[in-house]
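Reading the structure
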Amino acid sequence: MTMDTVFEGATVFDGTGAAPYTADVGVRDGLIQQIGTVHDAATAQRIDARGAWLTPGFIDLHTHYDGQASWDQTFSPSIHHGVTTVLFGNCGVGFAPLGGGSRERAVDNLISLMEGVEDIPGAVLAEGVSFDWQSFPEYLDALECKPHSLDFLVQVPHDPLRMAVMGERALERQRATAEDIATMRGLLREALEAGAAGFSTGRTDNHRTTRGLPTPAAEADAAELKALASAFEGLDHGVVQLVSDFNLLEGPDGFDAEFDLVETLARHSQRPLSMTWMQRDPGAEQWRAIRTRTEAAVAQGLPLWLQTSSRGIGVILGLDTSFHPLMGFPGYLEVAHLPLAARAAALRDPARKARILGERSGRLAGDGSAIPPIVDLMLARIELISGRMFPLTSTRADGSLGVDYEPSVGNSLLAMARRRGCSALEAIYDYLAAGSGEQLIHFPIFNYIDGSLEVVREMLQHPRALYGLSDAGAHVGTICDASSTTFLLSHWSRDRQSGQLEAARLIEMLTQRNARHVGLTDRGRIACGLRADLNLIDPTRLAPGVPQLVNDLPSGGKRLLQTSSGYLGTWVRGVSVIRHGEITADRPGQLVRVGRQAQPN
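Structural notes on the sheet that holds strand β15 (residues 441-446)
Strand order in the open sheet formed by three strands is β13-β15-β14, and the pairing between neighbours is antiparallel. Every other strand in the sheet has two partners, leaving β13 (313-317) and β14 (390-391) as the edge strands with one partner each. For β14 and β15, the ladder comprises two bridges, and the chain directions are antiparallel. Bridging across to β15, F390 finds its partner in H442.

In structure tokens, the structure reads:
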């Protein structure tokens, strides 16, 4: 049998968690056709894969490419990190459906929502998103017409659904009427029947519109959630995704009531439900309570899952990022308009430095601000939390190349300050103001309270854990966690000094487990008859690069972009989309309408 491509002598990780083996893998017509020894002189392309890992393409369940899918054919930066399928429409936010009445007003409201919640500049969205749709099925149709490198699935987000039906009443967070709920349920059902991947909702105080308002569905009641969950009735596809802080700022009393709503969604949808799982600050022990309630619910037959990151979750701070510790000081605001290098030079003026260090930072969150309250809480504790702020460099503590996402507290800016005998704020100030002002700070707010990733290790080993929370495509001036797939493999199976995890099991998390969760039966494993979504990896070189601020968004918008090393190639349906770090011109990616994808032979 003639093959399009043969990977010769690869170390095959088949995605099931089984031990790797050495084999040739033959691909034809976008499918894996042979595994073993492939002898065929007529093969169009033979790739020497000896010493390299061949894995299924990675599936990222938690991205926010809702807008970027309109203007970016490649889903960058995910394409640089082994991902071949992305799922967006998470956290209850997105761009469809659009409401009736004033189209301009409906679009402005959705842009305000996404700019505030996901830190994507409004000017970028206004220029880059086509908005040539009204209903959610029309949104799917519009995206399906555009060429893409990777496959993608789309969930129906709760906030736009509410805004489309309730208009301004949704922004005022009024309770939905019975008629509102029935209409929302009908629209959700229509979208699911059109191939939407599921339904998502957001219930966290950290999500705000640009007006500083909580998101429209943040306090939707049990009656509304129950009715929306019932839209899945009679369907055998679709998932539910939820982010909640479980009333964290209100203390522990509200936790059980909020988790009861999670169980309500799962019970009435009867579909797999995944929720955000991380060690929060404040509330360091809450993740254990989530685990306990989840395990109890699963024992009762509820299909609950826990979306888990591979590292600390936080922000990247720099003079040109969305947030940094100096941005609220009056003396800084006087020079904030200057170009970066000139701004850094102005900050190095001794008189200005002395004045700023003697000032109090203004309040950043509150009415009319999209900045979440946690930012002010953190700035008020700058001397303490600087123990979790680290210079973001290209060299790890052992001298090897690569970002160190599990740094020692001894390398923190607090430790630097103590060695110098100055305040932590002064150490941060001097670091950010040095040179041309391009220095970045890694600040893991969550999952790093104890100064290590031991909590993450425990999470990753839980049987209900799903790899997720990359937020790829969102928080573009604040984070770049699309690289967490690369980090999951390189750090946990190779670089960590102790407590390493098996590569085969990590690859299973990135592939088969996520494919099964979202109902994709045609990918996630290396097996004959399945799609040839594949990664060829040099395991000795695999590493995420250092994030860089680039101005490549519509309207000249900037974002953090992070590439990688070690990916020899990534293939979607047997077509190369990246080779040796370079994105190819081919665009084999497609919209996956869940419930309609091809079944394996």
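Anyway, onward from the coordinates.
Digging into the sheet that holds strand β16 (residues 465-467)
Spatially, eight strands are ordered β6-β7-β8-β9-β10-β11-β12-β16 in an open sheet, and the strand pairing comes out parallel. Of all strands in the sheet, those with a lone pairing partner are β6 (58-60) and β16, marking the two edges. Strand-to-strand twist across the sheet, computed as the mean angle between neighbouring axes with direction ignored, equals 30°. Of the pairings in the sheet, the one linking strand β11 (residues 273-276) to strand β12 (residues 304-308) comprises four bridges and is parallel in character.

Re the packing of aromatic side chains
Scanning all chains against the criterion turns up 16 aromatic pairs. A ring pair is formed by F7 and W571, whose centres lie 4.8 Å apart and whose planes are at 90°; its orientation type is edge-to-face. Here F7, found in strand β1 (residues 5-12), pairs with W571, found in strand β22 (residues 567-572); they are 564 residues apart in sequence, far enough to count as distant. Comparing F7 with W571 shows no difference in burial state: the two are buried. Each ring, one from F246 and one from F259, has its centre 5.7 Å from the other, and the planes form 20°; the classification is stacked. Within this pair, whereas F246 is found in the loop between β10 (239-244) and α9 (255-269), its partner F259 is found in helix α9, the two being separated by 13 residues in sequence. In this structure, F246 and F259 share a single accessibility class: buried. A network of ring pairs unites the aromatic residues F95, F131, W133, F136 and Y139 as a single cluster. Against the face of F446 rests R280, its NZ or CZ located 5.9 Å from the ring centre.

Some thoughts on the pairing of β22
Counting buried residues along β22, six of its six residues qualify, which places the element largely inside the surrounding structure. Bridge count between strand β17 (residues 534-537) and β22: four bridges; the pairing is antiparallel. When the bridges of β22 are listed, I537 appears paired with Y567. The pairing of β22 with strand β23 (residues 575-579) spans four bridges and is antiparallel. Across the sheet, G569 pairs through a bridge with R579, a residue of β23. Where β22 folds back on β23, the antiparallel hairpin that results is connected by two residues, among which R573 adopts a positive phi of roughly 50°.

Details of the confidence of the model for the protein
The share of residues in the protein with pLDDT of 70 or more is 96%, and the mean pLDDT across the chain is 94. Taking the mean pLDDT of every element in the protein, the minimum, 73, falls on helix α14 (residues 373-379) and the maximum, 99, on strand β5 (residues 53-56).

So, how was this worked out
Throughout this document, residue positions are counted from 1 along each chain, in the order its sequence is written. Per-residue local features of the predicted model are confined to residues with pLDDT of at least 70, and side-chain atom pairs are confined, for both listing and counting, to 80 or more; whole-chain, interface and lining totals are unaffected and use all residues. Side-chain descriptors were evaluated using all non-hydrogen atoms of the structure, hydrogens and water having been removed beforehand. The pairing criterion for strands is at least two bridges between them, as found by DSSP. In this text, helices come from DSSP runs of H or I with a minimum length of four residues, and strands from runs of E with a minimum of two, each type numbered from the N-terminal end. Angles here are taken between N-to-C directions and fall from 0 to 180 degrees, while the axes themselves are lines fitted to C-alpha atoms, restricted in helices to the stretch in contact. Only Phe, Tyr and Trp rings take part, Trp by its six-membered ring, and two of them pair if their centres are within 6.5 Å. Stacked means planes under 30 degrees apart, edge-to-face means over 60, and tilted covers everything else. Partly exposed describes any residue whose relative accessible area lies between the buried limit of under 20% and the exposed limit of over 50%, with all areas from a 1.4 Å probe on protein chains only and scaled to the type maximum. Charges are assigned to positions over rings by a cutoff of 6 Å between ring centre and Lys NZ or Arg CZ, combined with an angular limit of 35 degrees from the ring normal. Per-residue confidence from the predictor is reported as pLDDT, a score between 0 and 100.

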